[in-house]
Amino acid sequence: MRQLIQNGLVIARRDFMAVVATPTFLLFLLAPFLMLGISIASGIGGAYLAKGPQESRQMIIIASPTDAKRLGAQENALRKRLYGPGGGPPAVRTVAPEPDANAQQVRLLAEKERDVTAVMRGPIDQPTIMHIAGEARDARFLALLAEETLRSEKLGQSPEMRLSRAEISEVRQTMPTRSRQQNTGSGAVVVMFMLTIMLASQAVGTLAEEKSNKVIEILAASVPLESVFFGKLIGLFGIALVFVAFWGGLVALGLSILPASAGLASFAPVIGLPLFVILAGCYFAMAFMLLGAIFLGVGAQASTMREIQMLSLPITLFQLIMFGLSMAAAGSPGSGVARFAEIFPFSSPFAMAARGATDPAIWPHVVALGWQLLWVSITIAIGAHFFRYGVLKSGVGPFKALGQILAKRWVSKTNLH
Amino acid sequence: MSVEDDRPVWASGLVKSFGKSQAVRGVSLSVPQGSIYGVLGPNGAGKTTTLRMLLGIIDPDKGERRLLGEANPRNVSHRVGYLPEERGLYPSMKAREAIAFMGALRGLDWSEGRKRADEALEAAGLGYAAHNKIRKLSKGMAQLVQLLGSLIHKPDLIVLDEPFSGLDPVNQELLEKLILAERDHGATILFSTHVMGHAQRICDRLSIIAGGKVRFEGTVDEARATLPMRAQYVPCSGEDKVRALLPSDAGQSGKVWRFTVPEGGAERLVMDLVKAGHGIAGLSIERPGLHDAFVKIVGAVNADEADGAT
């Protein structure tokens, strides 16, 4: 029995040391920090997603300051009476009437910055209300507000007698609403993220094959390591494209067979669906290459399956942080978080795809794709450097290399002066 | 043109450390064009590290290197063939594809690579295995496939790290012939080994590395000449009195005496033995082999290092 325990302890000691005495374990150990990052990122993302569409919805009343005051005095009471505190239709904004109030009403209803659900104009006893499809409730609320305003001013009137006769009409929306744009952006982020997490994560164990069968020695002697890394990524991307083409084809087939493709109709990017699909494809390629390069670089440091498994956790958590950040960007276009997510290289493809749904400008995408391509190169170069240093035991460490680069620059600047 | 530009492989003062352990401590090499050059040394001498530095797989901490006249070995990788010490092939690849793949890595067109692979496999007697996956080949066969892969793009310089290890005697002879044939076609061959027989048979020049330094550089004959000739002598009679006439290092095994031939030659000694009436029942004078020279050189290094350690 004692022998059995002793033997068991010998094996336990080896296994313990094999795990703990590796740099990979440090990453595993620090994984909770990444979890914290995820919590923060997903919290921000969730908050933006929750309040984003709500904040962007609005009703507008075109009225003189006097009428606006009269209506405003009744709005809260009516809202509270009908829906309780915090509930009911979106907030009401009042704007002063322009000479052509009719044109103003149409224009306001098509406002791009917000989802304007209904616009009321004209005298309170005979208002004209326009609403977009599916938002008749908001129009009815405005009509009731006009009625209640007059009724509060003319106390003692019979409840059966109507004081305000509203003319309500529905307007066919030509431009996508803000919330549909945001939903499109969020949808693109989710689809891209799912594809990336499923396909790019495979890069983690790719170089392990070459290391285990010693082919890496042949590769390292024949071609630059950067080429090896790049080739691996391209190969994996090819596999990913086959996957996407297969499932994309199936989905397209399904949508064409279905009588009403309501799902597709809800995708309403501001730049148009064809261009948005092209952009999303480009950004998927960039997301795949960027995250794939990280996974490849980190995974290349692992020498056993055990290490690869340990690396999977922090890598997955990192992906989730990028996802949370990108969802936050999709939920709050133009915000500081969105700008950060668009610039930060590893969330940039997702965040920029989301931007494509809400921002019609094309030039930011050209800049972003260039920026992301630059970071693909940088990430590959760093991955290859770490591999050369950590696995092949050649060259200088990353900090020393950085010091040398800075020293070179300093010397060349000094010489210039 | 300077020597370093002229030589296919030239290195000066290469130093490489792994952590606190210095694997190579200032190795210099100069391999003549069209020669077979051996890098000999015991296990852990720094042979593989030296070859990997020369090929640019790893960079030296100090020192200079030139491969086919280029300071950056990467620039001439398409003219170099390399068989690493640890053999590596993709197990799921077919033999023919594996060879073509290795050619493609060195810039050879895939279709041309496949064509050459078929020819090379046929010539090596492995034509029947061209479409077999690597995992189905024996270790020796897979090694041969890898060797063919490293030669498929007809390189000007062939670097082989312990090429004979793992091969049976028949394949070892086949490999020797292959190396000689490549040399005859104008290629320069640099190979490492710790098996002296191969080096003695095929090397034009060699370096003996021990303890991370080059301890000898020259031809095989020059290496052997570092040791004096040895004689084996069998007297006809008076065996008990022979000892007094022989050199001090003489030792007896049965009727045979073995000793180092004196510096002036064996003639005088032979005359003395005949005059003394011992006669000559048998006499042979042998040059020591490369193996002996290697053992002496490496042994001296080991002794020095042991002294240094104490």
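Residues numbered from 1 in each chain as written. Chains lettered and ligands numbered in written order. Predicted model: local features only at pLDDT ≥ 70, side-chain atom pairs only at ≥ 80, totals over all residues. Heavy atoms only, no water.

A.B. asks: Before we go on, may I ask you to explain the packing of aromatic side chains in this structure?
C.D. replies: Think of a pair of aromatic rings as described by two things: how far the centres are apart, and how the planes are tilted against each other in angle. All names here are of chain A. A complete count under the given rule lists 16 aromatic pairs over all chains for this structure. Judged by centre distance (4.2 Å) and plane angle (25 degrees), the rings of phenylalanine 193 and phenylalanine 323 are stacked. Pair noted here: phenylalanine 193 is in helix H7 (residues 178–199) and phenylalanine 323 is in helix H13 (residues 305–331), with a separation of 130 residues, a long-range link. Judged by relative accessible area, phenylalanine 193 falls into the buried class, the value being 6%. The class for phenylalanine 323 is partly exposed, based on a relative accessible area of 21%. Taking the centre distance of 6.5 Å and the plane angle of 45 degrees together, the rings of phenylalanine 243 and tryptophan 247 count as tilted. One end of the pair is phenylalanine 243 and the other is tryptophan 247, both in helix H10 (residues 225–257) and four residues apart, which spans about a single turn. Taking relative accessible area as the criterion, phenylalanine 243 reaches 27% and is therefore assigned partly exposed. Through pairs of rings, three or more aromatic residues link up here, namely Phe318, Phe340, Phe344, Phe346, Trp371 and Trp375. (Phe/Tyr/Trp six-rings, centres within 6.5 Å; stacked < 30°, edge-to-face > 60°. Helix = DSSP H or I, 4+ residues; strand = E, 2+ residues; numbered from the N terminus. Buried < 20%, exposed > 50% of the residue type's maximum accessible area, 1.4 Å probe, protein only.)

A.B. asks: Looking at this structure, how should I read the interface of chain B and chain A?
C.D. replies: Often the size quoted for an interface is simply the accessible area lost on bringing the parts together. Across the boundary between the two partners, chain B contributes 21 residues, which contact 18 residues of chain A. If you sort the residues of chain B by the area they bury against chain A, Arg74(B), Tyr90(B) and Leu105(B) come out on top, with a joint share of 32%. Linking chain B with chain A are one salt bridge, by the criterion used here. Arg52(B) is the salt-bridge partner of Glu217(A), the closest N and O atoms lying 2.7 Å from each other. Elements that contribute at least two residues to the side of chain B that touches chain A include exactly strand S1 (9–18) and helix H3 (95–105) of chain B. In terms of residue count, H3(B) provides more of the side of chain B that touches chain A than any other element does, three residues in total. (Contact = heavy atoms within 4.5 Å. Buried area = accessible area lost by both parts, 1.4 Å probe. Salt bridge = Lys/Arg side-chain N within 4 Å of Asp/Glu carboxyl O.)

A.B. asks: Looking at this structure, how should I read the packing of helix H14 (residues 336–343) of chain A against helix H15 (residues 348–358) of chain A?
C.D. replies: In a pair of packed helices, the angle between the axes and the distance between the axes together describe the arrangement. Residue and element names in this part refer to chain A. As a packed pair, H14 and H15 sit with axes 6 Å apart at the nearest point and diverge in direction by 125 degrees. In this view, H14 runs oblique relative to H15, as classed from their interaxial angle. As H14 runs across H15, the sense of the crossing is left-handed. Only Ser348, Ala351, Met352 and Arg355 of H15 make contact with H14, whose side of the interface consists of Arg339, Ala341, Glu342 and Ile343. Class assignment for the residues of the contact of H14 with H15 results in four nonpolar, one polar and three charged. (Axes fitted to C-alpha atoms, helices over the stretch in contact; angles between N-to-C directions. Parallel < 35°, antiparallel > 145°, perpendicular 65-115°, else oblique. Left-handed = near helix turned anticlockwise from the far one by under 90°. Nonpolar A, V, L, I, M, F, W, Y, C, P; charged D, E, K, R; others polar.)

A.B. asks: What exactly am I supposed to notice about a nonpolar patch on the surface here?
C.D. replies: Residues and elements named next belong to chain A. A cluster of nonpolar side chains, Phe246, Trp247, Leu250, Leu253 and Ile257, forms an exposed patch at the surface whose accessible area comes to about 550 Å². Position of isoleucine 257 among the secondary structure elements: in helix H10. Using a relative accessible area of 64% as the deciding quantity, one classes isoleucine 257 as exposed. (Patch = residues over 30% accessible without salt bridge, like charges linked within 9 Å, V, L, I, M, F, W, Y side chains within 5 Å. Areas by Shrake-Rupley, 256 points an atom, 1.4 Å probe, with all protein chains shown as cover.)

A.B. asks: What is the right way to look at the layout of surface pockets in this model?
C.D. replies: Left-over empty space is what a probe sized like a water molecule reveals as it rolls over the atoms. Its volume calculated, the largest pocket comes out at about 1200 Å³. Of all the elements in the fold, those that place two or more residues in the lining of the largest pocket are helix H2 (23–29), helix H9 (215–222), helix H12 (273–299), H13 and helix H16 (363–390) of chain A together with helix H2 (47–55) of chain B. Counted by class, the lining of the largest pocket contains 20 nonpolar, ten polar and seven charged residues. Looking at the second largest pocket, its volume works out to about 780 Å³. Lining the second largest pocket are 21 residues, and of these Val191(A), Leu195(A), Gly248(A), Val277(A) and Ala280(A) sit closest to its centre. Those elements that place two or more of their residues in the lining of the second largest pocket are H7, H10 and H12 of chain A. Considering each element in turn, the lining of the second largest pocket owes the most residues, eight residues, to H10(A). (1 Å grid on protein atoms, 1.4 Å probe; cavity = no way out; pocket = protein on both sides within 12 Å on 5 of 7 lines; lining within 4 Å. Points joined across faces, edges and corners; volume = space filled by probe spheres on them.)

A.B. asks: Whenever I open this one, the environment of Pro97(A) confuses me. Can you help?
C.D. replies: Residues and elements named next belong to chain A. Structurally, the position occupied by proline 97 is in the loop between strand S2 (92–95) and helix H5 (101–109). Accessibility expressed as a relative area gives 46% for proline 97, which makes it partly exposed. For the pair formed by proline 97 and valine 298, sequence separation is 201 residues and the distance between their alpha carbons is 62 Å. Other than its neighbours up to four places away in sequence, proline 97 contacts Ile62, Ala63, Ser64 and Gln104.

A.B. asks: Could you clarify how one ought to interpret the environment of Met192(A) in this entry?
C.D. replies: Residue and element names in this part refer to chain A. Looking at the secondary structure, you find methionine 192 in helix H7. Residue methionine 192 is classed as buried on the basis of its relative accessible area of 4%. For the pair methionine 192 and phenylalanine 237, spaced 45 residues apart in sequence, the C-alpha separation works out to 14 Å. Not counting chain neighbours up to four residues away, the residues in contact with methionine 192 comprise Ala280, Tyr283, Phe284, Ala287, Pro349, Phe350 and Ala353.

A.B. asks: Looking at this structure, I do not really get the pairing of strand S10 (residues 230–234) of chain B. What am I missing?
C.D. replies: As a general feature of sheets, a regular strand has side chains that alternate between the two faces. Residue and element names in this part refer to chain B. Residues Ala231 and Tyr233 line the buried face of S10, whereas the alternating positions Arg230, Gln232 and Val234 sit on a face that is not buried. Pairing of S10 with strand S12 (residues 256–260) involves four bridges; the strand directions are antiparallel. Bridging across to S12, tyrosine 233 finds its partner in tryptophan 257. (Pairing = 2+ DSSP bridges.)

A.B. asks: Help me understand the pattern of salt bridges in this model?
C.D. replies: Between side chains of opposite charge, pairing is possible as soon as their charged atoms come close. Counted under the stated rule, the structure contains 26 salt bridges over all chains. Put simply, Arg137(A) and Asp138(A) hold a salt bridge, and the shortest N to O gap is 3.4 Å. We classify Arg137(A) as partly exposed; its relative accessible area is 37%. The closest approach of N and O atoms between Arg183(B) and Asp204(B), which form a salt bridge, is 2.9 Å. One end of the pair, Arg183(B), is in helix H6 (residues 169–184); the other, Asp204(B), is in the loop between helix H7 (196–202) and strand S8 (205–210), and 21 residues separate them in sequence.

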